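Below are the chains, spelled out letter by letter.
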Amino acid sequence: MDWYTQQQQQSALFLDDEEDADARREELEFTSSKEYIVYMVDAGADMFLPFGQEENAKSFFATVIHGITNDLKTRIISRDTDEVGVCFFNTREKKNIQESEGVYVFSELGLTSAQLIRELDRVIENFEKDIGSDVVKIMDAKESMLYNALWVAQGMLRTGSSKNVVKRLYIFTNNDDPLENASPLVKADLRRTTIQRAQVDAQDLGIGIELYPFNRPGEQFNVNIFYSAMIQVDDNDELGFMTSASNRFSDLANQMRKKMFKKRVVRKMMLTILDGLDIGLRSYAMMRSATAGTTIWLDSKTNSPLKIERSYICSDTGAILTGPSKRYHEYAGKKVLFNAEEISELKKISNVQLQLLGFKPLECLKDYYNLRPPTFLYPDEEAVSGSTCAFIALHRSMLNMKKFALAFHGGTANPLLVALVPQEEETDEIGGQLQPPGMQMIYLPYADDIRPAEKYHADNMNHPRRGEEEQIDKAVALMKKLDLKDFTVYQIQNPALQKHYAILQALALEEDELPEVKDETLPDEEGMKLASVVSAVKEFKDATYGESFDEEMAEEAAMKAKGSAASQKRKASAEVASKEATQYDWNELADSGKLKDLTVVELKYYLSANNLPLSGKKDLLINRILTNLGK
């Protein structure tokens, strides 16, 4: 086996043989900056049946439209550069460039807008009048509505390079046999051409097709009749596919409003092992703080965005400075001047981006060493050939030996010590990847950054009393009742951001009412009212404070004690100030103009001793003293 073949095999160790295409698609999503999406909705008669057993249940079509509008409302916030289009098939009217029968392009591919969302939200009211539902009944038809819709949708997605754009086609239907009305003579030919249109042409254009099937009343959607060949579903995995599709539609319709960031490449870097041995790496941001975005100021007359400019003005002459500005640092009471080039050179510590220093056992790495969210590292074969092979060898050795790598993360700004911690791949019971293999780069503090905790010296009189066994048992019982089962941080949305986006949505879409925003940070009130929880809280309270404990009386006593303690503190401070104030000749200081030479603390000695206000800047404090002295 030659070196190249060995390297290729080792590089594939992070991938399953059957998942090469998925891995390439995921890599494309990492590097792509935008998405093109076409929502293709079946408008056949069956789609207007009620979706559910409720008396006022919406139709399948209305449910899909509601899900799409919710997805657009989220997308307009999360990915405002994406382009979307909407088309219906099995329609009475036709509207498309190809003049194909039974296909109505409601919206050509374009940026998501408030106008599109408003129009799509109102389409159900006038759908039968303006567009209409129709299914071809001709038994010897030479083409199917689905074939025409695929042809039109692919035409909408032809723009843009597949290298930097992710293209998706979402199909919504409850009809598992779109060719059921065709005669046996033409059905096989229509099936072959439609599947070819979906598979071959879509693959050439880099389009990913996703099916969202629905079960008609009293009838299970059978994906194996037609769609399994089109979207490549295994015959034995029909149940898993339907469950997955149902969950995907639920996610589509109920996504939280948030500014989403792709796990994109933050930067490319080199890990230097020794001189002449480098590993190419890509770093990915897996976590970052979500913000509401910046406010853009507009001109009050033209509504044009205002441009902010900054100029430096000389404090002595008032002239606008045009040359390069200088900065200074104080050292021993002197101002040491630097220009921009000198500051840049001073900040530059090393030309090496990531220098390996050595290895340490994982138990040496403490949880509280994290200065900020870690960065995920993955090999970059394009930067340095053989990086994947070297990275895998290093990764597996660190996992086997339970060690992490200590490295210096250099650069022109804020160079840091980092720990490279190997992360093992995790999969679920069906083989789906939960956690990719790679390394987490954890940012470590320097000795200068560490603040040692102050040692607590408890006196014998106020030593805290240890809990009794009964109190501990009741606390344990309470914790078990309030245990958050299967909790993850992915369940809790930021209520401030959700409210912010809800208000923006209501204003942009001219909605009469604000969308309901659920604050998931609040306790579960219904759960707190359960008899078992109430009992556990009462038992813990009685064991800790006693059965005769009165909470209102305790709060009142605490407030009195707090007020008494604050009063005693103020009285003690006033006595100290009065004693200190007697050491100064205030009249002489006022007459000689030397009050300004005193510190603010010294000036407050006089003010406190004479019951005068202590707030304000130094000049105000001096004026207050002079006024009190009659100067």
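Everything discussed here concerns the structure shown above.
Cut-offs applied
Residues numbered from 1 in each chain as written. Predicted model: local features only at pLDDT ≥ 70, side-chain atom pairs only at ≥ 80, totals over all residues. Heavy atoms only, no water. Helix = DSSP H or I, 4+ residues; strand = E, 2+ residues; numbered from the N terminus. Buried < 20%, exposed > 50% of the residue type's maximum accessible area, 1.4 Å probe, protein only. Contact = heavy atoms within 4.5 Å. Areas by Shrake-Rupley, 256 points an atom, 1.4 Å probe, with all protein chains shown as cover. Patch = residues over 30% accessible without salt bridge, like charges linked within 9 Å, V, L, I, M, F, W, Y side chains within 5 Å. Salt bridge = Lys/Arg side-chain N within 4 Å of Asp/Glu carboxyl O. Pairing = 2+ DSSP bridges. Right-handed = clockwise from strand over helix to strand, strands pointing away. Arc of directions from axis to C-beta. Core = buried A, V, L, I, M, F, W, Y, C linked by side-chain atoms within 4.5 Å. Expected span 1.5 Å × (residues − 1). Polar contact = N/O pair within 3.5 Å; in protein donor to acceptor, adjacent residues only side chain to side chain. Phe/Tyr/Trp six-rings, centres within 6.5 Å; stacked < 30°, edge-to-face > 60°. Lys NZ or Arg CZ within 6 Å of the ring centre and 35° of its normal. Axes fitted to C-alpha atoms, helices over the stretch in contact; angles between N-to-C directions. Parallel < 35°, antiparallel > 145°, perpendicular 65-115°, else oblique. Left-handed = near helix turned anticlockwise from the far one by under 90°. Nonpolar A, V, L, I, M, F, W, Y, C, P; charged D, E, K, R; others polar.

Looking only at helices and strands, the chain features 19 helices and 18 strands. Per-residue burial for the chain yields a buried fraction of 33% across its 631 residues. Restricting to contacts in the chain with at least 6 residues of sequence separation, those with at least 24 account for 67%. Element-wise, carbon and sulfur atoms account for 52% of the exposed surface of the chain, whose accessible area totals about 41300 Å².

Okay, a nonpolar patch on the surface next. Together, Leu484, Phe487, Val489, Tyr490 and Ile492 make up an exposed nonpolar region whose accessible area comes to about 600 Å². The residue Val489 is located in the loop between α12 (469-481) and α13 (495-508) in this model. On the accessibility criterion, Val489 (62% relative accessible area) is exposed.

Below, the discussion takes up the pairing of strand β2 (residues 83-89). For β2, a buried count of 7 out of 7 residues is recorded, marking the element as mostly surrounded by other parts of the structure. A two-sided burial pattern is seen for β2, the buried positions comprising Glu83, Gly85, Cys87 and Phe89 on one face and Val84, Val86 and Phe88 on the other. Relative to β2, strand β1 (residues 34-42) is paired through 7 bridges, and the arrangement is parallel. Bridge pairing in β2 places Tyr36 opposite Glu83. The parallel pair β1 and β2, bridged by helix α3 (residues 60-78), forms a crossover whose chirality is right-handed. Examined bridge by bridge, β2 and strand β3 (residues 103-111) share 6 bridges and lie antiparallel to one another. Within β3, the residue paired with Phe89 across the bridge is Val103.

Let us look at helix α4 (residues 114-122). Where α4 is concerned, the buried positions are Ala114, Leu116, Ile117 and Leu120. The buried residues of α4 occupy one face: seen down the axis, they fall within an arc of 160°.

Right, let's get into the nonpolar core. A general trend in soluble globular proteins is that nonpolar side chains are found buried together. Counting 36 residues, the largest nonpolar core has Met40, Leu169 and Met230 as its most contacted members. No other element matches the 6 residues that helix α6 (residues 145-156) contributes to this core. Look past the residues within four positions of Leu169 in its chain and what remains in contact with it is Val38, Met40, Leu150, Ala153, Leu157, Ile207, Gly208, Ile209 and Glu210. Tyr39, Val41, Ile68 and Tyr212 belong to the second largest nonpolar core, which has 29 residues in total.

All right, on to the pattern of salt bridges then. Per the stated rule, a full pass over the model turns up 18 salt bridges. When the shortest N-O distance is used, the salt bridge between Lys34 and Glu83 registers 3.3 Å. With Lys34 in strand β1 and Glu83 in strand β2, this residue pair connects regions lying 49 residues apart in the sequence. Across the salt bridge formed by Glu382 and Arg282, the nearest N and O atoms sit 3.4 Å from each other.

For Asn90, which is not glycine, the phi dihedral falls at a positive 65°. Within the fold, Asn90 resides in the loop between β2 and β3. Residue Asn90 is classed as buried on the basis of its relative accessible area, which comes to 9%. Phi is positive for Glu99, which is not a glycine, with a value near 60°. Its place among the elements puts Glu99 in the loop between β2 and β3. You can call Glu99 exposed: its relative accessible area is 51%.

With that out of the way, let us pick up α13. Its 14 residues place the ends of α13 20 Å apart at the C-alpha level, agreeing with the 20 Å of an ideal helix rising 1.5 Å per residue. Of all the residues in α13, the buried ones are Leu497, Gln498, Tyr501, Ala502, Gln505 and Ala506. Projected onto a plane normal to the axis of α13, the buried residues spread over an arc of 165° and lie on a single side. Turned more than 90 degrees from where α13 packs its buried face, Ala496, Lys499 and Leu507 sit exposed. Buried positions along α13 lie against α3. The N-capping residue of α13, defined by a side-chain oxygen 3.0 Å from the backbone nitrogen of Ala496, is Asn494.

Let's shift gears to the packing of aromatic side chains. Scanning all chains against the criterion turns up 19 aromatic pairs. Between the aromatic rings of Phe60 and Phe214, the centroid separation amounts to 6.2 Å while the plane-to-plane angle is 65°, which identifies the pairing as edge-to-face. Of this pair, Phe60 sits in helix α3 while Phe214 sits in the loop between β5 (207-213) and α8 (227-231), and the two are 154 residues apart along the sequence. For the pair shown, Phe60 and Phe214 are each scored as buried. Through pairs of rings, three or more aromatic residues link up here, namely Phe48, Phe61, Phe88, Phe106 and Phe127. Over the face of the ring belonging to Tyr443 we find Arg372, whose NZ or CZ atom lies 3.8 Å from the ring centre.

Following the sequence through the fold, Ser244 ends up in helix α9 (residues 238-253). For Ser244, a relative accessible area of 34% translates into the label partly exposed. Put simply, Ser244 and Tyr212 are 32 residues apart on the chain and 9.4 Å apart in space, counted from C-alpha to C-alpha.

Right, let's get into the side chain of Thr173. Inspection of the secondary structure assignment puts Thr173 in strand β4 (residues 165-173). Of the polar contacts made by the side chain of Thr173, one reaches the side chain of Asp42; its length is 2.8 Å. Within the structure, the side chain of Thr173 is placed 3.1 Å from the backbone nitrogen of Asn175, a separation counted as a polar contact.

It is at 10 Å that the axes of helix α18 (residues 600-609) and helix α19 (residues 618-629) come closest, and there the two elements cross at 30°. The orientation of α18 with respect to α19, classified from their angle, is roughly parallel. Of the two possible hands of crossing, α18 and α19 adopt the one that is left-handed. Together, Val600, Leu603, Lys604, Tyr606 and Leu607 of α18 and Lys618, Leu621, Ile622, Arg624, Ile625, Asn628 and Leu629 of α19 make up the contact between the two elements. The residue inventory of the contact of α18 with α19, partitioned by class, reads 8 nonpolar, 1 polar and 3 charged.

The next thing to look at is the pairing of strand β15 (residues 416-423). Taking burial as the measure, the 8 residues of β15 include 7 buried ones, the bulk of the element. Summarising the sheet, strand β14 (residues 403-409) and β15 pair through 5 bridges and their orientation is antiparallel. Within β15, the position partnered with Phe408 by the bridge is Leu417. Summarising the sheet, β15 and strand β18 (residues 438-444) pair through 7 bridges and their orientation is antiparallel. Counted as the bridge partner of Val421 is Gln440 from β18.

Turning to the side chain of Asp42, a few remarks are in order. Note that Asp42 resides in strand β1. From its side chain, Asp42 meets the backbone nitrogen of Gly44 in a polar contact 2.8 Å long. At a separation of 2.8 Å, a polar atom in the side chain of Asp42 contacts the side chain of Asn90.

What is shown is where atoms sit, not what they do.
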